[in-house]
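# A structural walkthrough
One-letter residues, chain by chain:
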Amino acid sequence: MENQYFTSDEINVKNRAFLSGDAVKVSFFIRNGKLIMDEECYFFLMASMRKLRLNIPLTYTLEFFQTLFQKEVIEGKSIQNAVINFQVFRNSDGITLSKSSVSYFYEVTETQDLLALHERNLELDLIKEINVNNNLLSNIRVHSPENIYGEIYAQENDLDDVILLNPNKRIARTTFGNLLFLEGDVIKIPKQTEGAYISPLMENFVTFLHRNNLADIQEHEIIAFESQKAEEILLISDEKGIFSVGKIRNKTFGNQRFTELIKNWKESF
């Protein structure tokens, strides 16, 4: 099925998302005909809008989004499993940018089960000619030319994705998600201050593991070489789902333990 598109009003090409990339994006999740993690996703949206100094309408309550997606997507399109990539952008109608109104656009991508591990293992590589910042705006989903460059680089080199480093040559994230490195009973995750994305999907997963003592979760500053030391690597993307990393350069990785951990997590819903 083709993706479904929805807007708050008719899209004008003079909007600042099109002209300046002045927008933020957050994913919401539908599983078995119900919104899940909706509070976490909503609060992430509010935090992202505040960071970009977007004017938050009083109508943007959690109940507004719950009703919107229930009516338009779950009931209106009879969609049972999907990722809703929701984008809020600034209009050009205010005296100042911070006073301008906002509009939204969202795309609904149907999935099998967004909590399921994709069957195909990914092949990644590090890219060193560009890096991503690690400042206040680096861990929210805003326009990123680095992502565009990285995606094209991956396509041209027969890769599924690339690992992006920060200016300190440490691992930040990939073009579309975060990486988790399993060594023994420890899962290492790049810190958000390193340039990793804030991810409600990943945070729900690691919180489940921590509460049930299934793994020792540690945030780290991870140098590029450490990717070769991991036993298993998981990529979690709010936009695209959950993937095992099968290969980085000449090193291959298993996925048995992450597969079992994800199975336990799914059963908790």
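A few points on the structure. This structure is a prediction, so every number in the text was calculated from the model and none was measured.

A tally of helices and strands in the protein chain yields six helices and 15 strands. Against the globule reference of 18 Å for 269 residues, the protein chain gives a C-alpha radius of gyration of 19 Å, in line with a compact fold. Per-residue burial over the protein chain gives 50% buried out of 269 residues. Contacts in the protein chain between residues at least 24 apart in sequence constitute 70% of all its contacts with a sequence separation of at least 6. Carbon and sulfur atoms make up 47% of the accessible area of the protein chain, which totals about 13400 Å². For the protein chain, the centre of its 29 positive side-chain charges and the centre of its 38 negative side-chain charges are spaced 4 Å apart.

L45, F69, F86, V88, Y106, L180 and F205 are the most contacted members of the largest nonpolar core, which has 56 residues in total. Other than its neighbours up to four places away in sequence, L180 contacts I187, K188, I189, M202, F205, V206, E232, I233, L234, I236 and F258. Core analysis: the next-biggest nonpolar cluster, separate from the first, contains 18 residues, L126, I163, I233 and F253 among them.

Turning our attention to the pairing of strand 6 (residues 122-127). The buried fraction of strand 6 amounts to five of the six residues, a majority that puts the element mostly inside the structure. Note: strand 6 against strand 14 (residues 241-248), three bridges, orientation parallel. Residue pairing in the sheet places L124 in a bridge with I248 of strand 14. For strand 6 and strand 8 (residues 161-165), the ladder comprises four bridges, and the chain directions are parallel. Bridge pairing in strand 8 places L124 opposite D161.

Another aspect to go through is unusual backbone geometry. One non-glycine residue, M37, lies in positive phi territory at about 55°. Structurally, M37 is set in the loop between strand 3 (34-36) and helix 2 (38-51). You will see that D158, though not glycine, has its phi angle at about 55°, which is positive. By the element assignment, D158 lies in the loop between helix 4 (145-156) and strand 8. The exposure class assigned to D158 is exposed, which follows from its relative accessible area of 68%.

Moving on to a nonpolar patch on the surface. Taken together, the side chains of V13, F18 and L19 define a hydrophobic patch exposed on the protein surface, amounting to about 350 Å² of accessible area. Tracing the sequence through the fold places V13 in the loop between strand 1 (4-7) and helix 1 (16-20).

With that out of the way, let us pick up the layout of surface pockets. Of the pockets and cavities examined, the largest pocket occupies roughly 1100 Å³. In terms of lining, the largest pocket is formed by 47 residues, of which the most central are K25, R141, F176, E239 and K240. Residue assignment for the lining of the largest pocket shows that the elements contributing at least two residues are strand 2 (23-31), strand 4 (82-90), strand 5 (102-110), strand 7 (141-142), helix 4, strand 13 (232-237) and strand 14. In terms of residue count, the dominant contributor to the lining of the largest pocket is helix 4 (five residues). In terms of residue class, the lining of the largest pocket is built from 19 nonpolar, 16 polar and twelve charged. Space inside the second largest pocket adds up to approximately 280 Å³. Partitioned by chemical class, the residues of the lining of the second largest pocket number seven nonpolar, seven polar and two charged.

Reading the values: rules and limits
Within each chain, residues carry numbers counting from 1 in the order of the written sequence. Only residues with pLDDT of at least 70 are given local features in this predicted model, and only at 80 or more are side-chain atom pairs given and counted; all residues enter the totals for whole chains, interfaces and linings. To get the side-chain values, take all heavy atoms of the structure and skip hydrogens and water. Helix and strand definitions follow DSSP, with helices as H or I runs of at least four residues and strands as E runs of at least two, each counted in order from the N terminus. Only C-alpha atoms enter the radius of gyration; for comparison, a globular chain is expected to reach 2.2 Å times N to the power 0.38, where N is the number of residues. Each residue is assigned to one of three classes by its accessible area relative to the maximum for its type, calculated with a 1.4 Å probe on protein chains only: buried under 20%, partly exposed between the two thresholds, exposed over 50%. In this analysis, two residues are considered to be in contact whenever any of their non-hydrogen atoms come within 4.5 Å of each other. Residue burial considers only the protein chains on display, and all accessible areas are found by Shrake-Rupley using a 1.4 Å probe. For the purpose of charge, His is not counted, nor are the chain termini; Lys and Arg are scored as positive and Asp and Glu as negative. Charge coordinates come from a single atom per side chain, which is NZ of Lys, CZ of Arg, CG of Asp or CD of Glu. In this text, buried Ala, Val, Leu, Ile, Met, Phe, Trp, Tyr and Cys residues form a nonpolar core when linked through side-chain atoms within 4.5 Å. A pair of strands is labelled paired if DSSP reports no fewer than 2 bridges between them. To count toward a patch, a residue needs a relative accessible area above 30% and no salt bridge. Like charges then connect within 9 Å, nonpolar side chains (Val, Leu, Ile, Met, Phe, Trp, Tyr) within 5 Å. Definition used for salt bridges: Asp or Glu carboxyl oxygen within 4 Å of a side-chain nitrogen of Lys or Arg. The method works on a 1 Å grid over the protein atoms by themselves. A cavity is a set of points holding a 1.4 Å probe that cannot get out, a pocket is an open set with protein on both sides within 12 Å along at least five of seven lines, and residues with an atom within 4 Å of a point line them. Grid points are joined across faces, edges and corners, and a volume is the space filled by probe spheres set on the points. Amino acids are sorted into nonpolar (Ala, Val, Leu, Ile, Met, Phe, Trp, Tyr, Cys and Pro), charged (Asp, Glu, Lys and Arg) and polar (every other residue, Gly among them).

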